[in-house]
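Report on the structure
Listed below, chain by chain, are the residues.
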Amino acid sequence: MVKHELASSEYNARRAECEEGVRILRKAFLEIRALRDVSLAQLDEHHRNLPLRIFARCRHVITENARVKNAVEAFGREDLKRSGN
């Protein structure tokens, strides 16, 4: 029952920075629609095209997505050590 005020938080700024990153990266990779479509290699390859803050935001999202995917795969294999537990 906790009310969150996302409109007044930094959430909107972070989201806008990530959307800007997608817009910039889409120039090189037409298939990109969201950060979930970007590999770390693609991001690193084009880091010079991104302002540092936007690069950092995008890198965080991409690495977090990979971390979650790896955990899900580890759970599927019942590999609790790799799942982070």
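Thresholds, definitions, all that
- Residues numbered from 1 in each chain as written.
- Predicted model: local features only at pLDDT ≥ 70, side-chain atom pairs only at ≥ 80, totals over all residues.
- Heavy atoms only, no water.
- Helix = DSSP H or I, 4+ residues; strand = E, 2+ residues; numbered from the N terminus.
- Buried < 20%, exposed > 50% of the residue type's maximum accessible area, 1.4 Å probe, protein only.
- Contact = heavy atoms within 4.5 Å.
- pLDDT = per-residue confidence, 0-100.
- Axes fitted to C-alpha atoms, helices over the stretch in contact; angles between N-to-C directions.
- Parallel < 35°, antiparallel > 145°, perpendicular 65-115°, else oblique.
- Disulfide = S-S within 2.5 Å.
- 1 Å grid on protein atoms, 1.4 Å probe; cavity = no way out; pocket = protein on both sides within 12 Å on 5 of 7 lines; lining within 4 Å.
- Points joined across faces, edges and corners; volume = space filled by probe spheres on them.
- Nonpolar A, V, L, I, M, F, W, Y, C, P; charged D, E, K, R; others polar.

1. Section: the side chain of Glu17
Its place among the elements puts Glu17 in helix α1 (residues 11-26). When its relative accessible area of 16% is taken as the criterion, Glu17 is described as buried. Ignoring sequence-local partners within four residues, the contact set of Glu17 consists of Arg53, Ile54 and Arg57.

2. Here we look at the side chain of His46
Examined against the element boundaries, His46 turns out to sit in the loop between α2 (40-45) and α3 (52-76). The class of His46 is buried, set by a relative accessible area of 16%. Those residues in contact with His46 that lie beyond four places of it in its chain are Leu25, Ala28 and Phe29.

3. What about the confidence of the model for the protein chain?
Confidence in the prediction for the protein chain averages 89 pLDDT; 85% of positions are at 70 or higher. When the elements of the protein chain are averaged for pLDDT, helix α4 (residues 80-83) gives the smallest value, 67, and α2 the largest, 97.

4. Overview of the environment of Val22
If you trace the backbone, Val22 turns up in helix α1. Non-local contacts of Val22, meaning those with residues more than four positions away in its chain, are made with Ile32, Arg33, Ala34 and Leu35.

5. Some details on the packing of α1 against α3
Here α1 crosses α3 at 95°, and the two axes come no closer than 9 Å. Here α1 is positioned roughly perpendicular relative to α3, judged by the angle of their axes. Along its contact with α1, which presents Arg14, Glu17, Cys18, Glu20 and Gly21, the element α3 presents Arg53, Ile54, Arg57, Cys58 and Val61.

6. What about the state of the cysteines?
All told, the structure shown has zero disulfides when counted by the stated rule. Cysteine Cys18 is unpaired, with the sulfur of Cys58 as its nearest cysteine sulfur at 5.0 Å. Judged by relative accessible area, which is 14%, Cys18 ranks as buried. What makes Cys58 buried here is its relative accessible area of 0%.

7. Observations concerning the layout of surface pockets
Taken as a whole, the largest pocket encloses approximately 230 Å³ of empty space. If you go around the largest pocket, the residues you meet are Tyr11, Arg14, Arg15, Cys18, Glu19, Val22, Leu35, Arg57, His60 and Val61. Only α1 and α3 provide two or more residues apiece to the lining of the largest pocket. A per-element tally of the lining of the largest pocket places α1 first, with six residues. In terms of residue class, the lining of the largest pocket is made up of five nonpolar, one polar and four charged.

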